Amino acid sequence: SDCLSCNDAGHLVISGCDTVDLARQYGTPLYVMSEDKIRETCRRYVSSFQTNYGGNGRPIYASKAFSCKEIYRIVLSEGLDVEVVSGGELYTALQAGVPASKIHFQGNNKSIGEIVYAVESGVGDIVVDHPSELMQIQRAAAENSTVASISFRIKPGIDAHTHDFIRTGQIDSKFGIDLISGEAMEAVRTALTMDHIVLKGLHCHIGSQILEKEPFVHAAEVMLDFYAQIRDELGVVFEHLNLGGGFGIKYRDEDLTIPYEEYMAAVSVAVHSKCKAKELPTPKIFIEPGRSIVGEAGITLYTVGSVKEIPGVRNYVTIDGGMFDNPRYALYQADYTCLIANKADQPADYIATIAGKCCESGDLIQEHTALQTPMEGDLLVVLSTGAYNYSMASNYNRNLKPACVMVSEGESRIVIKAETYEDLVRNDV
Ligand code: LLP
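In this text the structure is predicted, and so the values were computed from the model without any measurement.

### Some details on the UniProt feature "binding site: substrate" (unreviewed entry) in the chain
Move 1: Per the UniProt annotation, the sites labelled "binding site: substrate" (unreviewed entry) are R291, R328, Y332, E360 and Y388. The greatest C-alpha distance among the residues just named is 27.5 Å, and with 98 residues of sequence between them they are spread in space as well.
Move 2: R328 gets classed as partly exposed once you count the C-beta atoms within 10 Å, which come to 19.
Move 3: Those residues within four positions of R328 in sequence are excluded, and the remaining contacts are A334, Y388 and N389.
Move 4: Among the structural elements, Y388 can be located in the loop between β19 (379-383) and β20 (403-408).
Move 5: For Y388, a count of 24 C-beta atoms within 10 Å puts it in the buried group.
Move 6: Once residues within four sequence positions are removed from consideration, Y388 is found in contact with A65, R291 and R328.

### Considering the UniProt feature "binding site: pyridoxal 5'-phosphate" (unreviewed entry) in the chain
Move 1: UniProt feature "binding site: pyridoxal 5'-phosphate" (unreviewed entry): in the numbering of this structure it lies at G246, E288, P289, G290, R291 and Y388.
Move 2: When you line up the elements, G246 lands in the loop between β12 (240-242) and α10 (260-277).
Move 3: You can call G246 buried: it has 25 C-beta atoms within 10 Å.
Move 4: In contact with G246, other than residues within four places in its own chain, are H205, I206, G207, S208 and I210.

### Thoughts on helix α1 (residues 19-26)
Move 1: Within α1, the full set of buried residues consists of T19, V20, L22, A23 and Y26. What you see down the axis of α1 is that its buried residues fit within an arc of 160°, all on one side. Seen from the buried face of α1, the exposed residues on the opposite side, beyond 90 degrees, are D21 and R24.
Move 2: Just downstream of α1 lies G27, where phi reads positive at about 85°.

### Describing the domain arrangement of the chain
Move 1: Assigned domains of the chain: these are domain 1 (4-34 + 297-425) and domain 2 (56-294).
Move 2: At the junction of the two partners, domain 1 supplies 17 residues and domain 2 supplies 13 residues.
Move 3: When residues of the side of domain 1 that touches domain 2 are traced back to their parent elements, those giving at least two are β20 and β21 (411-416).
Move 4: For the side of domain 1 that touches domain 2, the per-class residue count stands at 11 nonpolar, five polar and one charged.

### Some points on the site of the ligand
Move 1: Close contacts around the ligand come from 17 residues, with S208, G245, G290, R291 and Y388 the closest.
Move 2: Residue composition of the shell around the ligand, grouped by class: five nonpolar, eight polar and four charged.

### Comments concerning helix α8 (residues 183-192)
Residues three or four positions apart in an α-helix share a direction because the helix packs 3.6 residues into each turn.
Move 1: Here α8 has its buried residues at A184, A187, V188 and A191. Buried positions in α8, seen along its axis, are confined to an arc of 100° and lie on one side of it.
Move 2: Elements in contact with the buried residues of α8: α6 (132-143), β9 (148-155), β10 (177-178), β11 (197-203) and α9 (214-234).

### Quick notes on the pairing of strand β6 (residues 81-84)
Move 1: Residues of β6 alternate between two faces, with D81 and E83 on one and V82 and V84 on the opposite face, all of them buried.
Move 2: Across three bridges, the pairing between strand β5 (residues 57-62) and β6 is parallel. Counted as the bridge partner of A62 is E83 from β6.
Move 3: You can see the chain leave β6, run along helix α4 (residues 87-95) and come back into strand β7 (residues 103-105), and the turn it takes is right-handed.

### Regarding the packing of helix α2 (residues 35-53) against α10
Move 1: For the pair α2 and α10, the least separation of the axes is 10 Å and the interaxial angle reads 30°. When the axes of α2 and α10 are compared, the pair comes out roughly parallel. The interaxial crossing formed by α2 with α10 has right-handed handedness. Where α2 approaches α10, its residues R44, Y45, S48, N52 and Y53 are matched on the opposing element by Y260, E261, M264, A265 and S268.
Move 2: A per-class count over the contact of α2 with α10 returns five nonpolar, three polar and two charged.

Calculation notes
Residues numbered from 1 in each chain as written. Predicted model: local features only at pLDDT ≥ 70, side-chain atom pairs only at ≥ 80, totals over all residues. UniProt positions renumbered as here; feature names shortened; annotations may be inferred. Buried ≥ 20, exposed ≤ 12 C-beta atoms within 10 Å, placed from the backbone. Contact = placed C-beta atoms within 7 Å. Helix = DSSP H or I, 4+ residues; strand = E, 2+ residues; numbered from the N terminus. Arc of directions from axis to C-beta. Domains from an automatic or database assignment. Nonpolar A, V, L, I, M, F, W, Y, C, P; charged D, E, K, R; others polar. Near = placed C-beta within 6 Å. Pairing = 2+ DSSP bridges. Right-handed = clockwise from strand over helix to strand, strands pointing away. Axes fitted to C-alpha atoms, helices over the stretch in contact; angles between N-to-C directions. Parallel < 35°, antiparallel > 145°, perpendicular 65-115°, else oblique. Left-handed = near helix turned anticlockwise from the far one by under 90°.

Structure, rendered in structure tokens:
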């Protein structure tokens, strides 16, 4: 990522901060996030909305990728809205000062408590995943003498045979209301009759870490065809269309990412031409990126413990973190780039399996990956860990969640403190 460089000492540098100094100052394991990179990505998305839609729409940060008070403040100050998927993310966003009107509340199977919390807080957009949520929202809104703004999450049902990159979208099929069967039209019809609900638009999300434009274009077309059908059958034209997130990032050099501007341009061509063909006013367009806003902006620093060489089998390099701070290899065999941060100028000709400290053989961060020759005490860094690492961390084995430091133009500051042992027993009775 372009926030990374190597200094004369051969140390990896992130946004002007030497990673060796960061490790010394804050300890390891340590999440480090580049505020500069996050802001730059936000600005690229925002300016794409200027270019493609004359500003009629905006990006929404999908905060499941990384949620803490500071990230909400940063994306808010860049003009983004915020997506949350639980009462906990909603609480954090509100605590950070995000206006409720800028919050989009997603999630399948929201609890009654979460729905009441969202309605009472005045969340600007509750994204309904199933028609049964409608009655709960209606009731909560009536009790608060208010009207809840909602949208529906739609399963666009894009044909997997012609577009096999959508397969992840099908795995996601517990989400949303089916378009093809007519369930979605029924839900729209029902919502329009409810006096404490105003239906503002529709939403779809087709998957994550997608490295092609076509599925996004196709989803936009399918959704706008449905907008035209709704207008024709029910005489209603929606205010906004949310096309979800899913833009892929680079985990390894060979990952072929598409510049966000290109996704945005391709989708906007489809949106404008479909609206023209169907004589629809262009709705306000939302997108909902998470990974692409924070993923490449983050790295994780670890201290190397032992190096265990098993001749002819593999070389284990053990670190002071593991699946409790980054479960993505254990869960998805996710790719990562690792290097020795204090030897970043040396050749990566040592093949290593990076093992964590949990009591579990599957606690690996990467297998058979190329590194600079490691030694006990070296600083191992894993790149592109800004998304779905801290947010998916756990206390397995009662390990402590590491601190997170934000760096910008050579300055660093703690944005999440490291957990302590007292934190671990706080709720134990
Ligand atoms: N909107 C909705 C409704 C979503 O479900 C998601 C991600 C996003 C937006 C953001 O997608 P992104 O731009 O981050 O791809 N834990 C997995 C990723 C799960 C993504 C779930 N939904 C991982 O670590 O790869």
